[in-house]
Amino acid sequence: VKFTCQSDFKEELDKCIDGEDHRFDLQILTHPNIHLKCFRSPSKIDEYLNYMGERLQKKEVQNKFTRRETNVPRKKEEECLSKPGNYSYKVQVADYIMTQTTHLKD
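Residues numbered from 1 in each chain as written. Predicted model: local features only at pLDDT ≥ 70, side-chain atom pairs only at ≥ 80, totals over all residues. Heavy atoms only, no water.

**Section: the overall build of the protein chain**
Each helix and strand counted, the protein chain has three helices and zero strands in total. Starting at the N terminus and ending at the C terminus, the protein chain contains elements arranged as α-α-α. Here the protein chain holds 106 residues, and the buried ones make up 10% of them. A separation threshold of at least 6 residues defines the contact pool for the protein chain, and within that pool the share at least 24 residues apart is 45%. As displayed, the protein chain offers around 10,400 Å² of accessible surface, 51% of which is attributable to carbon and sulfur atoms. (Helix = DSSP H or I, 4+ residues; strand = E, 2+ residues; numbered from the N terminus. Buried < 20%, exposed > 50% of the residue type's maximum accessible area, 1.4 Å probe, protein only. Contact = heavy atoms within 4.5 Å. Areas by Shrake-Rupley, 256 points an atom, 1.4 Å probe, with all protein chains shown as cover.)

**Here's the deal with the nonpolar core**
Ranked by size, the top nonpolar core spans nine residues in total: Phe3, Cys5, Phe9, Leu13, Cys80, Tyr89, Val93, Tyr96 and Ile97. By residue number, the principal contributor to this core is helix 3 (residues 87–100), which donates four residues. (Core = buried A, V, L, I, M, F, W, Y, C linked by side-chain atoms within 4.5 Å.)

So far we have only geometry, and geometry alone does not tell us how the molecule works.
As C-alpha cells, this is what we get:
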C-alpha cells in the first residue's frame, strides 16, 4: 500500500494493516483449539524455536531451501512517510495506530 500523505489516511492504513485480500482476521483466534503465545521477533527467534521444538515433530527436509522474494523491493526515499517534510503526517499515522487500532495494544 502506498501512502499518498493526504489528510485522511485511515483508508490507506486499513489496507496496510488488514491487507487488500483480508488473509488474516482476529476472529480466527477465538477458536477453542488455538492458544497464543507471544515471542519477540526477530531477536528472540531462538526462544520460539526452543519452545516449538518440544511440541513439533522433526521432519526431514527433502530439498535445499531456495529463497523466494515475496515483496517488491522498497524505495524508501520515494515514500511519502519517509520524506522529512511529512514528519507531522507520519506522527499522526503512528499516533492513530497506537491509540485507535487494536494491532499494537497490549
